[in-house]
Amino acid sequence: MPLLNTITTPYADAFLQVCDANGDTEAVIDQARAILALWHDSSDLREAMASPVLEVEGKKAALEQLFGGSISPSFLNLLKLLTDRQRIGFLDAVLERLLELYREQNQIALATVTSASPLSEEQQALLAEKAKAVAGTDKVEISLAVDPALIGGFVLSVGSRVIDASLAGQVRRLGLSLANVS
């Protein structure tokens with residue numbers, strides 16, 4: 001188990017158990033995704049929570065002000081606990097681990113689709129079906145990313161399986177084929 005998982009797993013696992021006991025797991029998972037997106041998008045939030053200048057009580061008050069009305073009380077308690085224990089800087093890792101444990105518990109495969117440009121709803125639906133076939137399950141969570149360096153097409157990753165249907169991948173494979181010919 002990687003070192004970061006030894007820190008994050010106990011928090012994520014205990015929090016998931018609390019959510020299961022409260023019967024609000026689905027709502028909390030949606031809240032975790034939203035807070036994780038905000039955490040990644042807001043360098044100000046990350047810097048404020050990592051700041052040694054801002055005291056623990058100030059950080060907890062800021063978190064309550066930011067999230068108090070929009071998240072479950074148990075989620076707010078998790079944020080305060082992480083702050084008390086000087087672990088709030090690991091919030092993204094704790095929430096990522098929470099989502100991993102949730103997917104494991106519910107046998108949901110994670111598929112990552114990286115495309116050269118944003119995908120339409122129809123393209124997303126087609127790739128979701130392909131991801132289900134690759135994963136061998138009907139439960140798939142799709143994570144979308146855009147990378148213009150792919151030139152065109154997409155790369156689909158499900159576990160250790162990768163389908164590279166990008167133009168950059170085709171050019172790379174063509175280059176390797178030409179290098180092997182000479």
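Refer to the structure above for everything that follows.
Read on for an overview of the structure. All values derive from a computational prediction rather than experimental measurement.

1. Focus: the sheet that holds strand E3 (residues 154-158)
Hydrogen bonds between backbone groups are what pair the strands of a sheet, and the pairing can be parallel or antiparallel.
Okay, step 1: Within the open sheet, the four strands sit side by side as E2-E1-E3-E4. Their pairing is mixed. Either end of the sheet is taken by a strand with one partner, and the two such strands are strand E2 (140-146) and strand E4 (161-164). Taken over all neighbouring pairs, the strand axes of this sheet differ in orientation by 15 degrees on average, direction set aside.
Okay, step 2: Summarising the sheet, strand E1 (residues 109-115) and E2 pair through seven bridges and their orientation is parallel. Each residue of the ladder has a partner; that of valine 113, found in E2, is leucine 144.
Okay, step 3: Most of the contacts of helix H7 (residues 121-135) go to E3, to which it runs at about 35 degrees, and overall it touches E1, E2, E3 and E4.

2. Looking at the pattern of salt bridges
Okay, step 1: Tallied over the full model, the rule gives 11 salt bridges.
Okay, step 2: The salt bridge partner of glutamate 141 is arginine 33, with a shortest N-O separation of 2.8 Å. Placement of the pair is glutamate 141 in strand E2 and arginine 33 in helix H2 (residues 25-41), with a sequence separation of 108 residues.
Okay, step 3: Take glutamate 141: its relative accessible area is 17%, and that puts it in the buried class.
Okay, step 4: Among the salt bridges present, the one from lysine 80 reaches glutamate 64, with a minimum N-O distance of 3.0 Å. Here the residue lysine 80 occupies a position in helix H5 (residues 73-84), and glutamate 64 occupies one in helix H4 (residues 56-67), the gap between them amounting to 16 residues.
Okay, step 5: One connected set of salt bridges, linked through shared partners, spans Asp30, Arg33, Arg103 and Glu141.

What counts, and at which threshold
- Residues numbered from 1 in each chain as written.
- Predicted model: local features only at pLDDT ≥ 70, side-chain atom pairs only at ≥ 80, totals over all residues.
- Heavy atoms only, no water.
- Pairing = 2+ DSSP bridges.
- Helix = DSSP H or I, 4+ residues; strand = E, 2+ residues; numbered from the N terminus.
- Axes fitted to C-alpha atoms, helices over the stretch in contact; angles between N-to-C directions.
- Contact = heavy atoms within 4.5 Å.
- Salt bridge = Lys/Arg side-chain N within 4 Å of Asp/Glu carboxyl O.
- Buried < 20%, exposed > 50% of the residue type's maximum accessible area, 1.4 Å probe, protein only.

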